[in-house]
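Listed below are the residues making up each chain.
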Amino acid sequence: MDMPIPSAEILSRRADHIAALKSVVPADRVIEDVIGLRAYECDALTAYRCTPLAVVLPCNTEEVAAVLKLCHDRGIPVVPRGAGTSLAGGSLPTADAVVVGVARLTDVLEVDYDDRIMRIQTGRTNLSVTAAIEEDGWFYAPDPSSQLACAISGNIGMNSGGAHCLKYGVTVNNLLGLRMVLMDGTIIDLGGAHMDAGDIDLLPVVCGAEGQLGIVTEATLRILPKPEGARPVMVAFGSSAVAGACVSDTIQAGIVPVAIEFMDRPCIEACEAFAKAGYPDCEALLIIEVEGSDREIDHQLALIREIAERHNPDEIRESRSADESARIWLGRKSAFGAMGQINDYMCLDGTIPVSELPYVLERIGELSKEYGLGVANVFHAGDGNMHPLILFDANKPGDLERCEAMGADILRLCIEVGGCLTGEHGVGIEKRDLMHAQFNAQDLEAQMIVKDVFDPKWLLNAAKVFPLDASEARRA
Amino acid sequence: MTQTTFTPTTEDELSDIIASAIGPFDIVGGGTRHTPAGHQRLSTAGLSGVRLYEPGALTLVAGAGTTMAEINALLADNGQRLPFEPMDHRAVLGTTGEPTLGGMIALNHCGPRRVQAGSARDMLLGLRFVDGSGRIVKNGGRVMKNVTGYDIARLHCGARGKLGVMTEISLKVLPLPERTATMALAEPSPIAAVAGLSKALGSPFEVNGAAWHQGRILLRVEGFNDSVSYRADQLAGLLPGLTLVDENPWDDLRDARFAATTDRDIWRVSLRASNGAKAAERLMGMGVDVTLDWGGALLWASTDNGFDLRSALGGLHGHATRLRGAGDAPALEPAADGVAQLTTALQKAYDPRGLFNG
Ligand SMILES: Cc1cc2nc3c(=O)[nH]c(=O)nc-3n(C[C@H](O)[C@H](O)[C@H](O)COP(=O)(O)OP(=O)(O)OC[C@H]3O[C@@H](n4cnc5c(N)ncnc54)[C@H](O)[C@@H]3O)c2cc1C
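Residues numbered from 1 in each chain as written. Chains lettered and ligands numbered in written order. Predicted model: local features only at pLDDT ≥ 70, side-chain atom pairs only at ≥ 80, totals over all residues. Heavy atoms only, no water.

### Some thoughts on the site of the ligand
All names here are of chain A.
At step 1: Near the ligand you find 32 residues, and of these Pro80, Gly82, Thr85, Ser146 and Ser160 are the closest.
At step 2: Contact between the ligand and Gly90: an oxygen atom at 3.2 Å from a main-chain N or O atom of the residue.
At step 3: Relative to its free-state accessible area of 970 Å², the ligand is covered by the protein chains to the extent of 92%.
At step 4: Taken together, the elements giving at least two residues each to the shell around the ligand come down to strand E3 (78–81), helix H6 (152–158) and strand E10 (215–222). (Near = heavy atom within 4 Å. Polar contact = N/O pair within 3.5 Å; in protein donor to acceptor, adjacent residues only side chain to side chain. Areas by Shrake-Rupley, 256 points an atom, 1.4 Å probe, with all protein chains shown as cover. Helix = DSSP H or I, 4+ residues; strand = E, 2+ residues; numbered from the N terminus.)

Shown next, in the form of structure tokens:
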């Protein structure tokens, strides 16, 4: 993976830059020692690492502004960081960059159930946002699988999704307002506790801009009352294509499941071996979860059963209790852990039109044979967001490269059938150079224009998202 | 003097027109909402037609000039709809013509169902547009989850065409419910009404319409027959006296038709729900007619001509738009300095010659 050559000028003045940082924020906010910096040298895309110039963990928005202004005036690149769980290298530093992390900004600033909003500092983890309101019967809807660790800041950076987004939407659909610091230190507020904007609305472009437009320190989130209950049904099929058809029929029938999860044979087998969830021996499995009162759930599950039966399933297993629900989810929730036990794996994240599911699964099978690497499929089927896991051996020379090449082929396939490179993990460095496959020069130019406006010197996380050749002229 | 009207039928043609333009345009979709400034006209009528519709994938792609009538009819035939209830401005503005898809996105429409289904922005999957330099751009796509690059498609939602001319739009659609039920409860005080609406919206019963209009709380639930009965019962338990009514007030609320028959100024105010209650009380004391939607978070005000509503609101609002009428105050809410600078710079970047300034 190419990264721009770090500025020798900045590296040579490291001591001076660190002293300057300590002059604008209290010294204990700055991490400069080798051991301390190690924790920040990568995110969850661990194949790529780089020690940053320094790390700053400010304690409020004003400190963030002071650090950014200093870096701006000195021309030092900045990499914003939440919890560092990005799978795309979004928070991977460069050697000449200061990492500005929001880990110390974790307060709940306001909760208002009457107005159905919550205001928080963005370093707070996703799960602890819901935890703060759960006892009162409320929740924050976007729930990435990494929710125990990931921060709202990173969720905003990547516009993250989760298992429940089929019904409730992703981050951008649940974000009402934010406070952010621009690279020159200006603090701005976008949106608020009201539901829309009166003119051009910058909020949706900041959400998902992967830390390239500013550092978000506070967010106003839409919160929701918890449903009365939720229960899944599991349906086993003899082929992936038939499972795909069942997905399409279900969402067209007027049922709005909270989740439709798909697993194929390799994934089911790995989960069985790992978690012993008691899954049937089949080619493809759907887990469909619906919400409501007991009566409403029964009704929806009956409708789903009716639809599924038209597709001759091997088995239908409806949950009747919390215990049975937990068993159905057990395998799915341990899928990544299970795959990790048997192999190294790379997790892809393309989206396809739901109707292309059978064809895409078939092609992935063929690619798997061509490359000689196993693939397990587990994904959010309701919205076409696929997570093929390519299995490889990190200790075997050449395997990682082959795995990356195969991953790129699968993502190109997603684009070919009308889909996209990434449904929720973001571009980062991982898919940066594949952007040419989805966008032409004009399309990229129209996006980079936005960065020109927010960060004219291209100092914020600049080596990400856009192919290096496309952004070269802009990056100093 | 009649104005020149350009009606390109392809993006390339549109791009040429824009690239060789010497003066500003009025971008015209259906012309139902926009009062043209008298510039040369750029019509999207030639950029119309449904390009792709996959009911099984809940996806629709159509030219920006496609009429809402055509889209709504097609969706209804397939038991689907645009869930966010786009507003039809013809009644309040006294305009004719057919609203178009492009106009709907340019205004980021959303009706009463905003509280549950979001706005046009939330259902937008992608779009194609031509910017003020004639650059043909695509962003987003036709799939439900997509974080590939910056989301500049959503920047066009509510931008009133200032960033470019949209040519093609992809949207997520949803199935029509089996049944819709409306409930009402008399409540003269906006403060008590919003407290009631908050109670309903804070329940798990999936209320998707929550308004206060002409002294009544109005609630709506939709879904499967049996589920609607169940939730209506539960809500009546929460708000004693709430009863099912056999009427549809929602289309009128969506289009603010209740304000159409007067010649007063009409304002649309977006604000925090509890502030909606406070603002309503204050404005009513000043002789303003008020209706609340979105559980209090949307306030419709009919005022005397030239009334400065923003001052009267005293900072309670997020933003206020004067939809009809004139006065010294600008029609759109001025943004705070830092934000205004970014917005202006962005407009300039997409439209360096100021062709789309309205
Ligand atoms: C096991 C596992 C499961 C996962 N499951 C999911 C899933 O289900 N759905 C999903 O969408 N993702 C998932 N992810 C990916 C990842 O967790 C998300 O992208 C998450 O939102 C990142 O949050 P973070 O706080 O760790 O951000 P980081 O990794 O620190 O940063 C992510 C991006 O946001 C930027 N950023 C961080 N903080 C700020 C800030 N304050 N202001 C501006 N920009 C900022 C960074 O520069 C970077 O580009 C998973 C990851 C793992 C490891």
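### Comments concerning the pairing of strand E12 (residues 207–213) of chain B
Residue and element names in this part refer to chain B.
At step 1: With seven of seven residues buried, E12 lies mostly within the body of the structure.
At step 2: The pairing of E12 with strand E13 (residues 216–223) spans six bridges and is classified as antiparallel. Bridge pairing links His213 to Arg216 in E13.
At step 3: Counted along the chain from E12 to the antiparallel partner E13, the turn is two residues long, and its residue Gln214 has a positive phi close to 50°. (Buried < 20%, exposed > 50% of the residue type's maximum accessible area, 1.4 Å probe, protein only. Pairing = 2+ DSSP bridges.)

### Structural notes on the domain arrangement of chain B
Residues and elements named next belong to chain B.
At step 1: Partitioning chain B into structural domains gives domain 1 (5–175) and domain 2 (177–327).
At step 2: The interface of domain 1 with domain 2 comprises 18 residues on the first partner and 25 residues on the second.
At step 3: In terms of surface lost to domain 2, no three residues of domain 1 exceed Val92, Pro112 and Val115, which account for 35% of the buried area on that side.
At step 4: For the pair domain 1 and domain 2, the interface holds seven residue pairs in polar contact (both at pLDDT 80 or more).
At step 5: If you list the elements that add at least two residues to the side of domain 1 that touches domain 2, you get helix H3 (90–93) and helix H5 (114–117).
At step 6: Of the residues that constitute the side of domain 1 that touches domain 2, the class distribution is nine nonpolar, three polar and six charged. (Domains from an automatic or database assignment. Contact = heavy atoms within 4.5 Å. Buried area = accessible area lost by both parts, 1.4 Å probe. Nonpolar A, V, L, I, M, F, W, Y, C, P; charged D, E, K, R; others polar.)

### Digging into helix H2 (residues 68–77) of chain B
Residue and element names in this part refer to chain B.
At step 1: Three or more residues of H2 are buried, namely Met68, Ile71 and Leu75. Buried residues of H2, seen end-on, are gathered within an arc of 65° and therefore sit on one face of the element.
At step 2: Packed against the buried residues of H2 are strand E4 (50–54), strand E5 (59–63), strand E6 (80–81) and helix H4 (101–106).
At step 3: Of the residues flanking the end of H2, it is Gly79, one or two places downstream, whose phi is positive at about 65°. (Arc of directions from axis to C-beta.)

### So, the interface of chain A and chain B
At step 1: Tallying the contact residues gives 92 residues for chain A and 71 residues for chain B.
At step 2: Of the roughly 6,600 Å² buried where chain A meets chain B, counting both sides, 58% is carbon and sulfur surface.
At step 3: The largest share of the area that chain A buries against chain B comes from Met195(A), Asp196(A) and Ile200(A), three residues that together contribute 11% of it.
At step 4: Scanning the region where chain A abuts chain B turns up 11 salt bridges.
At step 5: Across the salt bridge formed by Asp112(A) and Arg272(B), the nearest N and O atoms sit 3.1 Å from each other.
At step 6: At the boundary of chain A and chain B, one finds 33 residue pairs in polar contact (both at pLDDT 80 or more).
At step 7: Of all elements in the fold, only strand E5 (108–112), helix H7 (165–168), strand E9 (187–191), helix H8 (203–206), helix H9 (240–252), helix H11 (294–309), helix H16 (435–438) and helix H17 (441–454) of chain A reach the threshold of two or more residues within the side of chain A that touches chain B.
At step 8: Ranked by residues supplied to the side of chain A that touches chain B, first place goes to H17(A) with 10 residues. (Salt bridge = Lys/Arg side-chain N within 4 Å of Asp/Glu carboxyl O.)

### Section: the environment of Leu286(A)
All names here are of chain A.
At step 1: Within the secondary structure, Leu286 sits in strand E14 (residues 284–291).
At step 2: The buried category is assigned to Leu286, whose relative accessible area is 0%.
At step 3: When neighbours within four sequence positions are excluded, Leu286 is seen to be in contact with Val233, Met234, Val235, Phe237, Ala243, Cys246, Val247, Ile260, Glu261 and Phe262.

### So, the environment of Leu389(A)
At step 1: Its location among the elements puts Leu389(A) in strand E18 (residues 388–392).
At step 2: Between the C-alpha atom of Leu389(A) and that of Cys150(A), which follows or precedes it by 239 residues, the distance is 21 Å.

### With respect to empty space enclosed by the protein
Where empty space is left becomes clear once a probe the size of a water molecule has been rolled over the atoms.
At step 1: Overall, the coordinates contain five cavities of 30 Å³ or more when judged by the stated rule.
At step 2: If you add up the space inside the largest cavity, you get close to 240 Å³.
At step 3: Considering the residues around the largest cavity, the lining is formed by 22 residues, among which Asp196(A), Leu107(B), Asn108(B), Arg160(B) and Arg268(B) are closest to the centre.
At step 4: Mapped onto the lining of the largest cavity, the elements with two or more residues apiece are helix H9 (250–255), strand E17 (298–303) and strand E18 (319–324) of chain B.
At step 5: Split into classes, the residues belonging to the lining of the largest cavity amount to nine nonpolar, seven polar and six charged.
At step 6: In this structure, the second largest cavity is lined by 14 residues; those nearest its centre are Met195(A), Asp196(A), Asp201(A), Leu203(A) and Arg121(B).
At step 7: When the residues that make up the lining of the second largest cavity are grouped by side-chain class, the tally is five nonpolar, five polar and four charged. (1 Å grid on protein atoms, 1.4 Å probe; cavity = no way out; pocket = protein on both sides within 12 Å on 5 of 7 lines; lining within 4 Å. Points joined across faces, edges and corners; volume = space filled by probe spheres on them.)

### Remarks on the domain arrangement of chain A
All names here are of chain A.
At step 1: Domain parsing of chain A yields domain 1 (1–226), domain 2 (230–334) and domain 3 (343–416).
At step 2: Summarising the inter-unit geometry, the C-alpha centres of domain 2 and domain 3 are found 22 Å apart.
At step 3: Taken together, the 13 residues of domain 2 in the interface contact 12 residues of domain 3.
At step 4: Note on domain 2 versus domain 3: buried area summed over both sides is about 1,100 Å², and carbon and sulfur give 68% of it.
At step 5: Counting across the interface, domain 2 meets domain 3 through zero salt bridges.
At step 6: In this assembly, domain 2 and domain 3 are joined by four residue pairs in polar contact (both at pLDDT 80 or more).
At step 7: Among the secondary structure elements, those contributing two or more residues to the side of domain 2 that touches domain 3 are H9, strand E13 (259–264) and helix H10 (265–275).

### A few points about helix H15 (residues 399–416) of chain A
Residue and element names in this part refer to chain A.
At step 1: If you check H15, its first and last C-alpha atoms are 25 Å apart, about what 18 residues at 1.5 Å a residue would give, namely 26 Å.
At step 2: Those residues of H15 that sit buried are Asp399, Cys403, Met406, Gly407, Ala408, Ile410, Leu411, Leu413, Cys414 and Ile415.
At step 3: Where H15 is buried, its residues meet strand E16 (344–347), helix H14 (357–371), strand E17 (375–380), E18 and H16.
At step 4: Among the residues trailing H15, Gly418 stands out with phi positive, at a value near 100°. (Expected span 1.5 Å × (residues − 1).)

### Notes on the sheet that holds E17(A)
Backbone-to-backbone hydrogen bonds join strands into a sheet, with any given pair of strands oriented parallel or antiparallel.
Residue and element names in this part refer to chain A.
At step 1: With respect to topology, seven strands assemble into an open sheet ordered E15-E12-E14-E13-E17-E18-E16, the strand pairing being antiparallel. Every interior strand has two partners, whereas the edge strands, strand E15 (315–318) and E16, have only one. Across the sheet, the mean angle from the axis of one strand to that of its neighbour is 15°, orientation sign disregarded.
At step 2: Two elements, E16 and E18, share four bridges in a ladder whose sense is antiparallel. When the bridges of E18 are listed, Tyr345 appears paired with Leu391.
At step 3: Here H11 sits on the sheet and contacts strand E12 (230–237), E14 and E15; the angle it forms with E12, its principal contact strand, is near 10°.
At step 4: Across the sheet, H15 is in contact with E16, E17 and E18; its angle to E18 comes to roughly 160°. (Axes fitted to C-alpha atoms, helices over the stretch in contact; angles between N-to-C directions.)

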